[in-house]
Amino acid sequence: AQTVTQSQPEMSVQEAETVTLSCTYDTSENNYYLFWYKQPPSRQMILVIRQEAYKQQNATENRFSVNFQKAAKSFSLKISDSQLGDTAMYFCAFMKLAPGTSYGKLTFGQGTILTVHP
Amino acid sequence: ETGVTQSPTHLIKTRGQQVTLRCSSQSGHNTVSWYQQALGQGPQFIFQYYREEENGRGNFPPRFSGLQFPNYSSELNVNALELDDSALYLCASSLGVAGLNKTQYFGPGTRLLVL
């Protein structure tokens, strides 16, 4: 079974600074997908960024970028120019397609609470 | 906002009762997944529906069941409620799991409290 580990329960950063959230995962699969989701205090889970394992280039979405290290099974999220609205719980998630089926479930880490201070 | 809606937003039940939670998927999405999120934890996969059939299931007992309708909306039913069923229930929709876009878009959730 796949596992996802986020070793930082809580992080804080000053507004406009950069912060990196860590995520490691365990899988024997070669083809899979990785995601970072953000869950603000209002609780709706929002996709931040996704990465396909077969792509070597790290994904980037505006101020959000990832450092994907496939051999090390590491998938960290970097938030540049942090804003107050970035305050949220951040979840790292893994998905693979089950062999012989067409379904894929998300396996989530425990989450990291990020607080951006003014 | 993702376009995925869930109802009700909050619900209080007593142990042993049954509950039905509802989800409307984002326009054009034909796959719905349900997750249970205990307080302070990451979501846990319950099951997924694709074209009105259960397409995969997590480690949840049979008293957790679901339906998907022709318009791709979905219901989660939980029978014989237990105190540990208290959680946030999240619905996520996606466009065909086998398709190129495997991203799941989440609704705001239903907070269930079992007393």
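Draft legend 1. View of the nonpolar core. One finds Tyr25, Trp36, Phe75, Leu77 and Tyr90 of chain A to be the most contacted residues of the largest nonpolar core, which totals 25 residues. For this core, the secondary-structure elements that each account for two or more residues are strand E3 (19-21), strand E5 (33-39), strand E6 (46-52), strand E8 (64-69), strand E9 (74-79), strand E10 (88-97) and strand E12 (112-117) of chain A. A total of four residues in this core trace back to one element, the largest contributor, which is E10 of chain A. Core analysis: the second largest hydrophobic core is formed by 19 residues, Val32, Tyr49, Phe60 and Val114 of chain B among them.

Draft legend 2. Main features of the state of the cysteines. Overall, the coordinates contain two disulfides over all chains when judged by the stated rule. Between the sulfur atoms of cysteine 23 of chain A and its disulfide partner cysteine 92 of chain A the distance amounts to 2.0 Å. For the disulfide bridge between cysteine 23 of chain A and cysteine 92 of chain A, the dihedral angle about the S-S bond is near -65°, and by the sign convention the bridge is left-handed. Placement of cysteine 23 of chain A in the loop between E3 and strand E4 (24-26) and of cysteine 92 of chain A in strand E10 is noted, with a sequence separation of 69 residues between them. In this pair, the class of cysteine 23 of chain A matches that of cysteine 92 of chain A, namely buried. Covalently, cysteine 23 of chain B is tied to cysteine 91 of chain B through a disulfide, its sulfur atoms 1.7 Å apart. Looking along the S-S bond of the cysteine 23 of chain B-cysteine 91 of chain B disulfide, the torsion reads about -45°, which is the left-handed sense. You can see cysteine 23 of chain B sitting in strand E3 (residues 19-24) and its partner cysteine 91 of chain B sitting in strand E9 (residues 87-94), a full 68 residues away along the chain.

Draft legend 3. Seen up close, the pattern of salt bridges. Within the structure shown, the criterion is met by eight salt bridges over all chains. Two residues, glutamate 52 of chain A and arginine 50 of chain A, come together in a salt bridge whose shortest N-O distance is 2.7 Å. Of the charged contacts, one joins arginine 63 of chain B and glutamate 82 of chain B as a salt bridge, the two residues approaching to 3.3 Å between their closest N and O atoms. Taken together, the residues span a long stretch of sequence, with arginine 63 of chain B in the loop between strand E6 (53-57) and strand E7 (64-68) and glutamate 82 of chain B in the loop between strand E8 (74-78) and E9 at a distance of 19 residues. Several salt bridges share partner residues, and in doing so they unite Arg50, Glu52 and Lys55 of chain A into one network.

Draft legend 4. Molecular detail of the side chain of glutamine 39 of chain A. By the element assignment, glutamine 39 of chain A lies in strand E5. What makes glutamine 39 of chain A buried here is its relative accessible area of 9%. Reaching out from glutamine 39 of chain A, the side chain makes a polar contact with the side chain of glutamine 37 of chain B at a distance of 3.0 Å. What glutamine 39 of chain A contacts, discounting residues up to four positions off in sequence, is Gln44, Met45, Ala88, Met89 and Phe91 of chain A together with Gln37, Leu88 and Leu90 of chain B.

What counts and how
- Residues numbered from 1 in each chain as written.
- Chains lettered and ligands numbered in written order.
- Predicted model: local features only at pLDDT ≥ 70, side-chain atom pairs only at ≥ 80, totals over all residues.
- Heavy atoms only, no water.
- Core = buried A, V, L, I, M, F, W, Y, C linked by side-chain atoms within 4.5 Å.
- Buried < 20%, exposed > 50% of the residue type's maximum accessible area, 1.4 Å probe, protein only.
- Helix = DSSP H or I, 4+ residues; strand = E, 2+ residues; numbered from the N terminus.
- Disulfide = S-S within 2.5 Å.
- Salt bridge = Lys/Arg side-chain N within 4 Å of Asp/Glu carboxyl O.
- Polar contact = N/O pair within 3.5 Å; in protein donor to acceptor, adjacent residues only side chain to side chain.
- Contact = heavy atoms within 4.5 Å.

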